[in-house]
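Chain residues, written in single-letter form:
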Amino acid sequence: QEYTAIKLRVLTWSDAARAKIQAANLPADAQVYFVAATLRPETMYGQTCCFVGPKVKYTIVSTAKDNEYLFLTGRAARNIAYQPGTFAEWGQCVNVLDLDGADVIGTKVDAPLSVHKDGVYILPMETVKETKGTGVVTCVPSDSPDDYATTIDLSNKPDYYKIKKEWVITDILPIIQTPTYGNLIAPTLVTQMKIVSSKDPKLAEAKEIAYKDGFYQGTMVYGEFTGRSVQEAKGLLQKHLVDSGNAFHYAEPDGVVISRSN
Ligand code: ZZB
């Protein structure tokens, strides 16, 4: 799978994460980035939050470049260390601190290209898979049915999810128009298919439809490439994000988990 890995810079830590980070003695000028693996770089304008699995294990690793640290699963960190470019030395990723997803909920991050310029929050998504991508999922509720369904759940039951209601952005920005589903494909599909929660099995089909329709029929209705097809805009926005230092390519090895004994 060929992902674009988007870097969301930490603005303020949640209380639980701050305590552990202080104990781990990160340098004062450390820049930590949540790394979200996406197949949809053209949708990044619409990021409203970023998801972690509350029970998933994550790690903060040093890239040994410019006081830069990455937050992601240990498995993804090792895979990325074996791709040239992101870490100063090939194969060298120094683990600084292990954290649970639950620790970082409420952290505020800067999401590149998002219209929410003051930052967005790290929120829980129970369906995040530890074995896919980086275990960090940036949320675009206009175009991802899973993200929309999770947003509704979080906004309806903030106490249950141990979050503040004001961390959940429910205002949804149209980014892509398709002839069949209008300019908010994910909310439209969730309503039409009577999807009732973020764990509804019908979400797999909704995601399939949203990918296909968005890619083959979609036109950008927001941002620099307004009026262009999604097929064109995808590559242009990926390049823009990579060239500006806000993302890098992440090719996930198929079914192979690189591991080391130490
Ligand atoms: C932003 C985004 C915007 C995404 C969208 C999708 C859509 P796939 O198709 O199964 O390979 N994702 C990434 N990692 C995980 C994970 N560990 N657990 C759960 N979900 C994950 O999945 C790739 C997409 O699934 C990624 O692209 C990411 O969400 C999420 F408008 O990033 B995406 C119709 C989908 N639209």
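Residues numbered from 1 in each chain as written. Predicted model: local features only at pLDDT ≥ 70, side-chain atom pairs only at ≥ 80, totals over all residues.

How do you make sense of the overall build of the chain when you look at a structure like this?
In terms of regular secondary structure, the chain is built from 7 helices and 12 strands. Over its C-alpha trace the chain gives a radius of gyration of 18 Å, about what one expects of a compact globule, namely 18 Å for 262 residues. Structurally, the chain occupies a C-alpha span of about 50 × 40 × 35 Å along its principal axes. Expressed as a percentage of the 262 residues in the chain, the buried residues total 47%. Taking contacts inside the chain between residues at least 6 apart in sequence as the whole, the part at least 24 apart equals 75%. (Helix = DSSP H or I, 4+ residues; strand = E, 2+ residues; numbered from the N terminus. Rg over C-alpha atoms; globule rule 2.2 N^0.38 Å. Buried ≥ 20, exposed ≤ 12 C-beta atoms within 10 Å, placed from the backbone. Contact = placed C-beta atoms within 7 Å.)

Help me understand the site of the ligand in this model?
For the ligand, the set of nearby residues contains 19 residues, the closest of which are Thr38, Gly133, Asp143, Ser144 and Ala210. Of all the elements in the fold, those that place two or more residues in the shell around the ligand are strand 2 (31-38), strand 9 (136-139) and helix 6 (203-217). Sort the elements by how many residues they give to the shell around the ligand and helix 6 lands first, with 3 residues. Here the shell around the ligand is built from residues that sort into 7 nonpolar, 7 polar and 5 charged. (Near = placed C-beta within 6 Å. Nonpolar A, V, L, I, M, F, W, Y, C, P; charged D, E, K, R; others polar.)

Sorry if this is basic, but what is going on with helix 5 (residues 185-192) here?
An α-helical turn contains 3.6 residues, so a residue and the one three or four places further along point in the same direction. Taken residue by residue, helix 5 has Ile185, Ala186, Pro187, Leu189 and Val190 as its buried positions. Packed against the buried residues of helix 5 are helix 4 (145-156), strand 10 (176-177) and helix 6. Directly after helix 5, the chain includes lysine 194, whose backbone phi takes a positive value near 55 degrees.

Help me understand the packing of helix 4 against helix 5, please; the structure alone is not making it clear to me.
For any two helices packed against each other, the geometry comes down to the angle between their axes and how far apart the axes lie. Where helix 4 contacts helix 5, the two axes come as close as 8 Å, and the packing angle between them is 75 degrees. Judged by the inter-axis angle, helix 4 sits roughly perpendicular to helix 5. Each of Pro145, Asp147, Tyr148 and Ala149 in helix 4 lies in contact with helix 5, whose residues at this interface are Ala186, Pro187, Leu189 and Val190. When the residues that make up the contact of helix 4 with helix 5 are grouped by side-chain class, the tally is 7 nonpolar, no polar and 1 charged. (Axes fitted to C-alpha atoms, helices over the stretch in contact; angles between N-to-C directions. Parallel < 35°, antiparallel > 145°, perpendicular 65-115°, else oblique.)

Teacher, can you tell me more about unusual backbone geometry here?
Trans is the prevailing form of peptide bonds, just as negative phi is the prevailing case for residues other than glycine. Despite not being glycine, aspartate 66 shows a phi value in the positive range, around 45 degrees. Mapped onto the elements of the fold, aspartate 66 is located in the loop between strand 4 (57-62) and strand 5 (68-72). You will see that lysine 162, though not glycine, has its phi angle at about 55 degrees, which is positive. Inspection of the secondary structure puts lysine 162 in the loop between helix 4 and strand 10.

So what exactly am I meant to see when it comes to the pairing of strand 9 here?
Along any regular strand, the residues point their side chains to alternate faces of the sheet. Where burial is concerned, the two faces of strand 9 agree: the one with Val136 and Thr138 and the one with Val137 and Cys139 are both buried. Looking at chain direction, strand 3 (residues 49-52) and strand 9 are connected through 4 bridges and run antiparallel. Bridging from a neighbouring strand, cysteine 50 pairs with threonine 138 of strand 9. (Pairing = 2+ DSSP bridges.)

Got a minute to help me understand the nonpolar core in this structure?
Nonpolar side chains in soluble globular proteins tend to end up buried together. Residues Phe34, Cys50 and Phe71 are the most contacted members of the largest nonpolar core, which totals 77 residues. The greatest single-element share of this core, amounting to 6 residues, is contributed by strand 2. Sequence-distant contacts of cysteine 50, that is, excluding residues within four places in its chain, are made with Leu8, Phe34, Ala36, Val109, Ala111, Val120, Ile122, Val136, Thr138 and Cys139. (Core = buried A, V, L, I, M, F, W, Y, C linked by C-beta atoms within 7 Å.)

Quick question: what am I supposed to make of the environment of lysine 212 here?
Along the chain, the position of lysine 212 falls in helix 6. Taking the C-alpha atoms as reference points, lysine 212 and cysteine 139, 73 residues apart in sequence, are found 19 Å from one another.

So what exactly am I meant to see when it comes to the confidence of the model for the chain here?
When the pLDDT values of the chain are averaged, the result is 95; 97% of them are 70 or greater. Scoring the predicted complex yields pTM 0.96 and, for the interface, ipTM 0.98. (pLDDT = per-residue confidence, 0-100.)

Looking at this structure, I do not really get the environment of isoleucine 122. What am I missing?
Counting through the fold element by element, isoleucine 122 comes out in strand 8 (residues 120-124). Taking the C-alpha atoms as reference points, isoleucine 122 and cysteine 50, separated by 72 residues in sequence, lie 4.8 Å from one another. Those residues in contact with isoleucine 122 that sit more than four places away from it in its chain are Phe34, Cys50, Val52, Val104, Ile105, Gly106, Thr107 and Val109.

Which parts of the structure should I look at to understand the packing of helix 4 against helix 6?
In contact at an axis separation of 8 Å, helix 4 and helix 6 are set at 130 degrees when each is read in the N-to-C sense. Here helix 4 lies oblique to helix 6, going by the angle between them. Between helix 4, through Pro145, Asp146 and Ala149, and helix 6, the contact on the second element is made entirely by Leu203, Ala206, Lys207 and Ala210. Class assignment for the residues of the contact of helix 4 with helix 6 results in 5 nonpolar, no polar and 2 charged.

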